[in-house]
Amino acid sequence: MSTADVVVIGGGIHGCSAALNLARRGLKVIVLEKDYVGRHASTANAGGVRTLLRHTAEVPLALEARKFWHDIERHLGSDCGYHTVGQIAVAETEQAFEDLAVRDTRMRGLGYDHEELIDADTLKALVPAIARTVHGGLIVRGDGAASPFHATQAFRHAAEAQGVVIRENARVDALEQTANGWLVDHDGMRVHVSTIVNTAGAWGDRIAAMAGETIPLSWFLPMMMVTARVPEFLEPVIVNTARPLSFKQMPNGTLLIGGGRPAVGDLERMTYHIDFAGLKATAQTVRDLFPHLRDIPIMRAWAGFEGRFADDIPVIGPSAGARNLFHAFGFCGHGFQLAPIVGKLIAELVVDGTASLPTDAFAVDRFPTEIDENLSDRIAAHG
Amino acid sequence: MFKRLYERRRPVAFEFEGEEVISDEGDTLAAALLAHGVRQTREAPVSKNPRAAYCLIGVCFECLVEIDGRPNRQACMTQVRPGMKVRRQRAADGTEGGGAQ
Amino acid sequence: MNGPPGADRHTLDLAIIGAGPAGLAAAVTASELGLATAVFDEQFHPGGQIYRAIEDAPERAGAWLTLFGEDYARGLELVRRFRASTANYHTGHSVFDISPGGGLGVLGPDGARWIEARRVIIATGAMERPVAVPDWTLPGVMGAGAAQTLLKGAAMVPEGRTVIAGSGPLIYLVARQLRAAGGNIVAVIDTTPRSNYRRAAPLLARAMLAGNKEIRKGLSWRRDLKKATPIFRTGASGVRIEGRDAVEAISFSVAGRTERVECDLVLLHEGVVPNTQLAMAAGADHHYDLVQACWRPKTDAYGRSSDPAILIAGDGAGIGGAELASEAGHLAALGVAADLSQISQEDAAERAAPAFSKLAGKAALRRFLDTLYQPRDEVLVPPDDETLICRCEEVTAGELRRVAEMGCSGPNQAKAFTRCGMGPCQGRMCGLAAAAVLARASGRSFAEVGHMRVRPPIKPITVGELAALDGVGQPPDMGPLLPTGQEDGAGE
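This report concerns the structure included in the present document. (Residues numbered from 1 in each chain as written. Chains lettered and ligands numbered in written order. Predicted model: local features only at pLDDT ≥ 70, side-chain atom pairs only at ≥ 80, totals over all residues. Heavy atoms only, no water.)

1. Focus on the overall build of chain C
Working step 1: For chain C, the helix and strand inventory stands at 16 helices and 24 strands.
Working step 2: Radius of gyration (C-alpha) of chain C: 24 Å, near the 23 Å computed for a compact globule of 492 residues.
Working step 3: Sequence-distant contacts in chain C: of pairs separated by 6 or more residues, those separated by 24 or more amount to 67%.
Working step 4: Roughly 18,100 Å² of accessible area belongs to chain C as shown, and the carbon and sulfur atoms make up 51% of that amount.
Working step 5: Here chain C carries 51 positive and 55 negative side-chain charges, and the mean point of each set is 9 Å from the other. (Helix = DSSP H or I, 4+ residues; strand = E, 2+ residues; numbered from the N terminus. Rg over C-alpha atoms; globule rule 2.2 N^0.38 Å. Contact = heavy atoms within 4.5 Å. Areas by Shrake-Rupley, 256 points an atom, 1.4 Å probe, with all protein chains shown as cover. Lys, Arg positive; Asp, Glu negative; His and termini not counted. Charge placed at Lys NZ, Arg CZ, Asp CG, Glu CD.)

Below, the structure is given as structure tokens:
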């Protein structure tokens, strides 16, 4: 049996970031990844490095994470393909622009000024290829995009350089709490640790269940498409506010198109199939916003399993049921940019018992439970 | 590079890189270009090395050309049409207008 | 023959993809059994590869049919029966997706549409195994099958000095056909290793019982070619292409001695493998065939795959040649008819018996040929680091070996590490060799390492074509994307 201080379950970008940060705090860490590092959501996403249009609970984390991204080569020894190209939410309709204006006012009221409302002329000057019918947008000039694959690899290599042991094809079967820690069983092997960190993504609830905790995670399969190479015409990342879209041109000229429309699949068998009705709607959005792309071929479409919660923000923090267990999963399709900071916060929670940024909104026990609802009904029925 | 065994039945004229090519109705564009002696039909996307058709059945995607301003067309899967304007596919680094991968 | 475009949408029993021998035979049988059938063919005339331009044959001189042998003539009969059938034939239509359960995305000259069929038969046949050797990407290097396609389809023959190099029945067939058509074959370089002959010899007797004619024909072609070709070599290896902007020469080794032949056209061939793009994209289970050294869909005797709505017939299920492909198409249609209760399972079995018998009868010949022409290791795992494995994205064997050392575990991971498989051909040309190089570098079997996952669109579709896709409903509503005064945020 091997021992360590921490087992991190799930070797995606969040798992590798948590492992790196824990190792930097002097802990001995083993990462158990059931497939290979970055197999799922970490490399299936669009690589958007975005503070733009975040849920207000995520904003402080995203702003802190942005500092890492701007200096990522120093932190990880790799530039991760990151470029500060800016991100722009585009309003196709007047109503959408009004909604952005409302958002802008609210954010400033909360003390945030990273988002900037821009009018149609400014937008068209920034994105000359965009349809002339746009109404304006909301921009964060300090946002950008990175390569999900290279970023995940960079976290992995940095973690391993700090002494983290990463086991791939390592599937956790059982967790058993002991007096001062946990016994973790995987593939006929057993690891004895003080603490478990659960970064198992779309499978996070299964790991939690092994520890006796019920967490209402669901999952979905946001689809992505990539086109053939196109001569360079776009710098910032474009997200759409009326219709789902995320849209960027990669350094090699290909266009990466997302938006979150779901594929249909089976988490158990890890299979899925592309839904062409959804892809069609996304293609219409692209065609309407960038008419000159009409004849560009789509080379490939794919999707990745993402964990999700009903309120569209993840679970970050200590288990509500078991000691020495910490969760960071269910990022609802927008976890990539947060990876540098969430890993740090998890390490702080494990080592110091508190985090340097507010994490209450992400508490694992924030969901109303089924039992609670029935109980209150029964109480009401008895008068 | 390749010669026809039979006379053209119904000649079809089109343009390749500004030059007139006389093909036969029913020819694939790839075949017509080979009969015309064209050796290179595209640039490799990274090295820009010369490339041409390999499989001629739609599998290798080497025969990509630009037809009437639309890039990424498989010449072996396209039938010749009168007046088509065909160009080599360029590597899409933006230096050549219209050529995209 | 061709119904109105919208007609297929709601009443289609069977969609057949491909109009080669398997597709044509399936359509004929399905039509005879009263199934509402549509055939989608990316070509503009029926026949697939082997019967390419068959309908032009009578118009050309009688020598044309002789040139291509009696197999070809058999094809003419099959195509006539197909034309006379009730199957709707859609030419110039490529299938860009098959979803589990029988949905098809089809792209034709007038746009893209989604079609639901109760059953789908994939009859997309085979492709030549890509022969990755140094500088194989130079213009003037093609598959031997490509030259045959040009000969049959466009009635063109190579001018200039032509070399045919490789292994398999096709190299003698193509060399012979090109010579007869006036081509200048300066060299035939057979790479079949001597050890293959030794291993195949014990199977010869049974093979002769199964296919006496085919074997004798093959031997006589070889004899004729040996006499007529200036440079005729056997047991060759280490093939390399030379040239700057186009091929200028080919070099190879025989018994340790290197030889160089100047030429204008090189035709490479190392056998054919199933074209598995659609079957893999549809999610059908596949297994690695050690003898044919390729992936094949798992099918039952009628061609049913692991998806009950999808069958695979012909060379796409496993290499067997045109005659066996016709039988397989016939069987698949019988299977569909039984599954859709058009005929009983017993009736299907009875009608299938002659086809099963024929397939069994040819099995010994198949085994012999598979053993004799089993690809040698340097074909499966190209040894030179500078050899391009991924032509589309220009990834070399050396680069793949390097990322294997970095922990890249297989062809799917390699896509992210190197872009191998991310180009327009979607892994058709590099899939087998990339997986083999990675497997060898990490000490695992080809089966263990797995195959490249195939994602749609299987054939290119533009943004505009996809935006105008007919036949799909509205996608699920995504809900509000912008904060609406509550605490929520946007997509990703």
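2. Let's talk about the environment of Ala414(C)
Residues and elements named next belong to chain C.
Working step 1: Summarising the element assignment, Ala414 is placed in helix α13 (residues 411–418).
Working step 2: Here Ala414 falls in the buried class, since its relative accessible area comes to 0%.
Working step 3: For the pair Ala414 and Asp384, spaced 30 residues apart in sequence, the C-alpha separation works out to 19 Å.
Working step 4: Sequence-distant contacts of Ala414, defined by excluding residues within four places in its chain, comprise Leu400, Cys408, Arg419, Cys420 and Leu438. (Buried < 20%, exposed > 50% of the residue type's maximum accessible area, 1.4 Å probe, protein only.)

3. Side note on the sheet that holds strand β13 (residues 231–233) of chain C
Residues and elements named next belong to chain C.
Working step 1: As summarised here, the arrangement of the 5 strands in space is β9-β17-β11-β12-β13, forming an open sheet in which the pairing is parallel. Looking along the sheet, the strands with just one partner apiece sit at the ends: β9 (141–143) and β13. Averaged over all neighbouring strand pairs, the angle between strand axes comes to 20 degrees, with direction disregarded.
Working step 2: The sheet contact formed by β9 and strand β17 (residues 265–270) spans 3 bridges and is parallel. Each bridged residue has a counterpart across the sheet, and for Val141 the counterpart in β17 is Val266.
Working step 3: Across the face of the sheet, helix α5 (residues 169–180) comes into contact with β11 (161–167), β12 (184–190), β13 and β17 while running at roughly 170 degrees to β12. (Pairing = 2+ DSSP bridges. Axes fitted to C-alpha atoms, helices over the stretch in contact; angles between N-to-C directions.)

4. Observations regarding the sheet that holds strand β7 (residues 70–74) of chain B
Residues and elements named next belong to chain B.
Working step 1: If you trace the 5 strands from one edge of the open sheet to the other, you get β3-β2-β8-β6-β7, paired in mixed fashion. Every other strand in the sheet has two partners, leaving β3 (19–24) and β7 as the edge strands with one partner each. Shown here is a sheet whose adjacent strand axes are inclined to one another by a mean of 40 degrees, direction ignored.
Working step 2: Pairing analysis gives 2 bridges linking strand β2 (residues 11–16) to strand β8 (residues 85–88), with the strands arranged parallel. Looking at β8, one finds that Phe16 is bridged to Val86.

5. Some words on empty space enclosed by the protein
All names here are of chain C.
Working step 1: Scanning the model with the defined rule gives 11 cavities of 30 Å³ or more in all.
Working step 2: In this structure, the largest cavity encloses a volume near 230 Å³.
Working step 3: Thr276, Gln277, Gly427, Gly431 and Leu432 are the residues nearest the centre of the largest cavity, which is lined by 19 residues in total.
Working step 4: Among the secondary structure elements, those contributing two or more residues to the lining of the largest cavity are β18 (272–274), α8 (277–281), β20 (294–297) and α14 (431–441).
Working step 5: A total of 3 residues in the lining of the largest cavity trace back to one element, the largest contributor, which is α14.
Working step 6: A breakdown of the residues in the lining of the largest cavity according to their chemical character gives 10 nonpolar, 8 polar and 1 charged.
Working step 7: The space that makes up the second largest cavity amounts to roughly 150 Å³.
Working step 8: Arg129, Leu380, Leu432, Ala433 and Ala436 are the residues nearest the centre of the second largest cavity, which is lined by 15 residues in total.
Working step 9: Sorting elements by how many residues they give to the lining of the second largest cavity places α14 first, with 5 residues. (1 Å grid on protein atoms, 1.4 Å probe; cavity = no way out; pocket = protein on both sides within 12 Å on 5 of 7 lines; lining within 4 Å. Points joined across faces, edges and corners; volume = space filled by probe spheres on them. Nonpolar A, V, L, I, M, F, W, Y, C, P; charged D, E, K, R; others polar.)

6. So, the side chain of Gln426(C)
Working step 1: Inspection of the secondary structure assignment puts Gln426(C) in the loop between α13 and α14.
Working step 2: Owing to a relative accessible area of 8%, Gln426(C) belongs among the buried residues under this scheme.
Working step 3: A distance of 2.5 Å separates a polar atom in the side chain of Gln426(C) from the backbone oxygen of Pro457(C).
Working step 4: With residues up to four places along the chain from it excluded, the contact list for Gln426(C) reads Met299(A), Gln277(C), Gly421(C), Arg455(C), Pro457(C) and Ile458(C). (Polar contact = N/O pair within 3.5 Å; in protein donor to acceptor, adjacent residues only side chain to side chain.)

7. Comments concerning the environment of Ala447(C)
Residues and elements named next belong to chain C.
Working step 1: Here Ala447 lies in helix α15 (residues 446–449).
Working step 2: Sequence separation of Ala447 and Asp289 is 158 residues, and the distance between their C-alpha atoms is 8.6 Å.
Working step 3: Setting aside chain neighbours within four positions, we find Ala447 in contact with Tyr288 and Trp295.

8. With respect to the packing of α5(C) against helix α7 (residues 204–228) of chain C
Residues and elements named next belong to chain C.
Working step 1: Interaxial distance between α5 and α7 falls to 10 Å at its minimum, and their mutual angle equals 55 degrees. Our classification of the angle between α5 and α7 gives oblique. In this structure, α5 crosses over α7, and the sense of that crossing is left-handed. Between α5, through Tyr172, Leu173, Ala175, Arg176 and Arg179, and α7, the contact on the second element is made entirely by Trp221, Arg222, Asp224, Leu225 and Ala228.
Working step 2: In terms of residue class, the contact of α5 with α7 is made up of 6 nonpolar, no polar and 4 charged. (Parallel < 35°, antiparallel > 145°, perpendicular 65-115°, else oblique. Left-handed = near helix turned anticlockwise from the far one by under 90°.)

9. Focus on the interface of chain C and chain A
Working step 1: Taken together, the contact between chain C and chain A spans 49 residues of the former and 59 residues of the latter.
Working step 2: In total, about 4,300 Å² of surface goes out of reach between chain C and chain A, with carbon and sulfur atoms giving 60% of it.
Working step 3: In this structure, the connection of chain C to chain A is made through 1 salt bridge.
Working step 4: Taking the shortest distance from any N to any O, the salt bridge between Glu393(C) and Arg229(A) comes out at 2.9 Å.
Working step 5: One can count 13 residue pairs in polar contact (both at pLDDT 80 or more) joining chain C with chain A.
Working step 6: Looking at the side of chain C that touches chain A, the elements with two or more residues in it are β4 (94–99), α13, β24 (461–462) and α16 (463–467) of chain C.
Working step 7: Per-class residue counts for the side of chain C that touches chain A are 27 nonpolar, 14 polar and 8 charged. (Buried area = accessible area lost by both parts, 1.4 Å probe. Salt bridge = Lys/Arg side-chain N within 4 Å of Asp/Glu carboxyl O.)

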